[in-house]
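Inside the fold
Each chain, written out:
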Amino acid sequence: MSATANSIHSRRRIINAVMTGLTTACAMLISLILLFIIGYIAWKGVSSLSVEFLTQTPKPVGEGGGIGNSILGSAMMTALASAIGLPVGIAAGLYLSEYGSNWYGNTIRFVADTLIGIPSIIIGIFVYTLVVIPMGRQSGFAGGIALALIMIPIVARTTEEMVRLVPNTMREGALALGAPQWRVSWNIVLPAAASGIATGAMLAIARITGETAPLLFTALNSRFYNYYYDQPMSSLTVQIYNYATGPFEVEHAMAWAATLILVALILIINVIVRTLTRKKY
Amino acid sequence: MILKNLYITLFITAAVLFSFGCSGQKLGETNDGGDTGGTIRLQGSGSTFAKPMYEKWANEYGKLHPNVKIDYQGTGSGAGQKALLSKTSDFGASDDPMSDEDLAKGESPILHIPTVLGAVVLTYNLKDVKEPLRLTPETIADIYLGKIKKWNDPKLKADNPNTALPDADILPIYRADSSGTSAVFTDFLTKTNAEWKEKIGMNKQPSWITGVGIGAKGNDGVMGQVTQTPNAIGYVELTFAKANDLTTAQIKNRSGEFVAATPESVSAAVAETVAQMPDDLRIQITDTAAKNGYPIASYTYILVYKDQTNTAAGKALADFLWWALHDGNSFVEDLHYVPLPAGILSKVELKINSMTGGGKVLRQQ
Amino acid sequence: MAKTGALGDKIFKVLLMIAATSILLIVAAIFAMMLRSSLPTIKQFGVAFLFGTEWKPAQEVFGALPFIYGTVVSSLLSLLLAVPVSLGIAIFLVEQAPKKLARPIGFMVELLAAIPSVVYGLWGIFVLAPVIRNYIGPVLQGNLGFLPIFGGRVTGIGMLTAAIILALMITPIITAVVRDVLEAVPTTQREAAFALGATKWETTIIVLGNAASGIAGAVVLGLGRAIGETMAVTMVIGNSPQMSPSLFEPANTIASLLAANFAEATDKIYLSALIEIGLVLFLVTFIVNAFAKLLIMSVSRRMQRA
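Residues numbered from 1 in each chain as written. Chains lettered and ligands numbered in written order. Predicted model: local features only at pLDDT ≥ 70, side-chain atom pairs only at ≥ 80, totals over all residues. Heavy atoms only, no water.

1. A short note on the pattern of salt bridges
Residues and elements named next belong to chain B. Taken as a whole and assessed by the stated rule, the structure comprises 37 salt bridges over all chains. Lys191 is the salt-bridge partner of Asp187, the closest N and O atoms lying 3.1 Å from each other. In this pair, Asp187 and Lys191 are both assigned in helix 7 (residues 180-192), four residues apart and thus about one turn of the helix distant. Accessibility expressed as a relative area gives 42% for Lys191, which makes it partly exposed. With a shortest N-O distance of 2.8 Å, Arg282 and Asp280 are connected by a salt bridge. Classification of Asp280 as partly exposed rests on a relative accessible area of 32%. (Salt bridge = Lys/Arg side-chain N within 4 Å of Asp/Glu carboxyl O. Helix = DSSP H or I, 4+ residues; strand = E, 2+ residues; numbered from the N terminus. Buried < 20%, exposed > 50% of the residue type's maximum accessible area, 1.4 Å probe, protein only.)

Below is the structure:
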């Protein structure tokens, strides 16, 4: 009997070891894939980086050129989207945490989560119909609006979570001192949750910087530096897409270099956010 | 307090952005409405067939007239037509002339301005085949109908006895989007192959046989797929094949000659159609009767409204078109396009000179 | 002071409520606009739109099935690849790894989610497609080519490439949610199992059982993300509206169709068909995400009770 008990025991041990190995392998695999992707982008992209590349506009194939206007366009549209999306999203998140524990808040919460899941190309089509057609042209403005629509529910949910973490004792203390509810939210709760809200905002910004589909029909693309929002505007993501799907080696090289810049920017934002939130642990 | 400062900063940024953000420019309008100084921006979109030409022209014209910014986006002939119709572009570009039905959708009359001639070539990715392949309308149709599946098919071998064709699957690449290049390509096949005419016919967006190949977007996309995928074949404008150093096929024309796409063969193909050019300049010139003519040649058009709502922009557009067809000729051959024949040029000049804005003819005669 | 406080409260609450309500309005507006624009094709084709197998704009024949097929198959296939790996990673991070290792690895998994879709597409075209064309394809087709799923032409562009890229993109999401759900299982469960002499793995299985509906929710959430993915898929799936049993053959998804063709629809009926197929996508992702949320919420409710 001890023999079968032993064999069952060793079989269980073997299974345990095998499964531990498998799960470790999964984790290692994913980490390696990530490192490979990033490393590959860096390797392919570095050789095309230059001041000319970062400042010039696209030229006909073979005449050089760069993505300067795409960098500016992405920055401008992200800025516009944040200017709209952050206040609205933070306000919505604040509402959900302070006043939203009823059926109405639950509905909004539910709809926000599903809005986050809606494919961004649908948002692009929506903004095309709502903004581009009446305006009579594609524009950086329409692109910014599309990005803002994507941003709002994300920022709302992360803000809500961060604000919920603020201990109720702080609220109660302030209320006990006679402060009106709105002052409590504005002067006590918000600042306390500020770092959390900021990290949520930064993650949302990183997210929309990488969006392509909503810009395809709303901002289109441009070969020029555009300093105004009411004209078609280039963006890093759309330019990468165009260069990647074309046939010219020089354009492929530029796609990799542009990707390097884009991914570096997004990764830097993510790393900053993670190191800031490490305090929580 | 961080958040308060954040809010204030955001608000100020937003205010600044919005106040500067609207240039107040209507599509193509100058900032001050005057005819000197001020930037004029013209938005054009459409054909990828002609994209290298228009990008070059826009770039060169911009060097001569720095205040005129011509922004051309290659979105496909179909999208170019739509952009003009919905007025999200100042001019459209299409290799396939607009149909009567689509022209009727325009708010006001639309002019077809032919700019250059180009050739739709069959280009392929066969590493070991150095010589140009000889293809006939039958073999091309069969490839794209899915009937010829391998490179060493007897039909292909019969036309290419001296070429070693590999025992590999052919991968046809077609245009998934609405394309003037597709229209020209299918127009040629419809005129020369009865089975193609019956099964697919001529269209900017043909109903390709399911499963025959891979769809790509734009001439760039098709060329990109062909360069990336061994054993692929695709139809693109000549300039794309040349720029990527891929061999192009010689196509059998109506006279039975296997003709490569060259400026001479394209000129020969168009020469005998000059007399047949209708007044509105809409024509397809495939399947030429010329003995040494390339059978899949085509005009490519810029589409504009005859009556321009914005005078300053309309004048800039008319001037640009005039420049392109005259001084711009010096850039045409390097990109492997062919300039308009003399007999057509004079007709096009008339069209450009007929463009009006605010009731008056735009170009000073 | 009480008066200004009350007024301030009202204004504040109303402002916040407007912001929050905007979310409802946005979704309602999207749905309304899409429904209105789809009416022509809905009237003309009815339910047959969803089951038609041919998409021929030139002949005004619009059948959405090939795109629904492509969307569903690529998403399910990506789940097949991603779920085991995601579970493995989550189990590793929560149950097995020492804290010092868990943090960097967890961080790297989250970074995978931050990489934009178009970058995955770029990588797919130039790295993954050649690998499938030159190595994976010939090996699979050489040995298992008799199976229909490994038939067809291996070009590197097709369903399998798209599914692999999708799997990479949804792994971080599934991992994150499963990780949260596993961490939510009270340690008492694990301690009880250990006390009874279970191995680490057997304990893990018990914990998984507790978190089962949450894991299901994570999987459904990953499915929702995969269904809506546009750029990476459109760059590697081949834009061919066919429903082939082979994984190597090209296909098409709803999102990819919209990206390629929306800008050029001049006919009212064509535009309407495109928007209707977009509406299908919208509704499917809405339902899938709602379902996922319900599953995940049910776990936290059960954990609170335990």
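There's more to say after this.
2. Here's the deal with the interface of chain B and chain C
Listed by partner, the interface residues are 30 residues for chain B and 28 residues for chain C. When chain B packs against chain C, close to 2100 Å² is buried across both sides, 49% of that on carbon and sulfur atoms. In this structure, the connection of chain B to chain C is made through one salt bridge. Between Asp267(C) and Lys105(B) there is a salt bridge; the shortest N-O distance is 3.3 Å. Joining chain B to chain C, the criterion identifies 15 residue pairs in polar contact (both at pLDDT 80 or more). Counting only elements with at least two residues in the side of chain B that touches chain C, the list comes to helix 3 (77-85), helix 4 (100-104), strand 6 (171-175), strand 7 (214-216) and helix 9 (218-228) of chain B. Considering each element in turn, the side of chain B that touches chain C owes the most residues, four residues, to helix 3 of chain B. Of the residues contributing to the side of chain B that touches chain C, the split by class is 11 nonpolar, 12 polar and seven charged. (Contact = heavy atoms within 4.5 Å. Buried area = accessible area lost by both parts, 1.4 Å probe. Polar contact = N/O pair within 3.5 Å; in protein donor to acceptor, adjacent residues only side chain to side chain. Nonpolar A, V, L, I, M, F, W, Y, C, P; charged D, E, K, R; others polar.)

3. Quick notes on the interface of chain A and chain C
Contact with chain A, which involves 78 residues of that partner, is made by 74 residues of chain C. Where chain A abuts chain C, roughly 6800 Å² becomes buried across the two surfaces, and 83% of that area is made up of carbon and sulfur atoms. Here Arg12(A) makes a salt bridge to Glu202(C), at a shortest N to O gap of 2.7 Å. Broken down by element, the side of chain A that touches chain C gets its largest block of residues, 19 residues, from helix 1 (residues 2-46) of chain A. Split into classes, the residues belonging to the side of chain A that touches chain C amount to 53 nonpolar, 19 polar and six charged.

4. Examining the sheet that holds strand 10 (residues 258-259) of chain B
Across a sheet, strands are paired by hydrogen bonds formed along the backbone, either parallel or antiparallel in direction. All names here are of chain B. As summarised here, the arrangement of the three strands in space is 5-9-10, forming an open sheet in which the pairing is mixed. Each edge of the open sheet is held by one strand with a lone partner, namely strand 5 (134-135) and strand 10. Here two bridges tie strand 9 (residues 250-252) to strand 10, and the two strands are oriented antiparallel to one another. The partner of Ile251 across the bridge, within strand 10, is Val259. (Pairing = 2+ DSSP bridges.)

5. A look at the nonpolar core
With 185 residues, the main nonpolar core has Ile122(A), Ile23(C), Ile30(C), Trp55(C), Tyr120(C), Trp123(C) and Ile277(C) as its most contacted residues. Shared between two domains, this core takes at least three residues from each, and those domains are domain 1 (2-46) and domain 2 (52-280) of chain A. If near-sequence neighbours (up to four positions away) are discounted, Ile23(C) is found in contact with Ala92(A), Ile108(A), Val111(A), Ala112(A), Leu115(A), Ile152(A), Pro153(A) and Ala156(A). Membership of the second largest hydrophobic core comes to 109 residues, among which are Met98(B), Leu135(B), Ile140(B) and Ile296(B). (Core = buried A, V, L, I, M, F, W, Y, C linked by side-chain atoms within 4.5 Å. Domains from an automatic or database assignment.)

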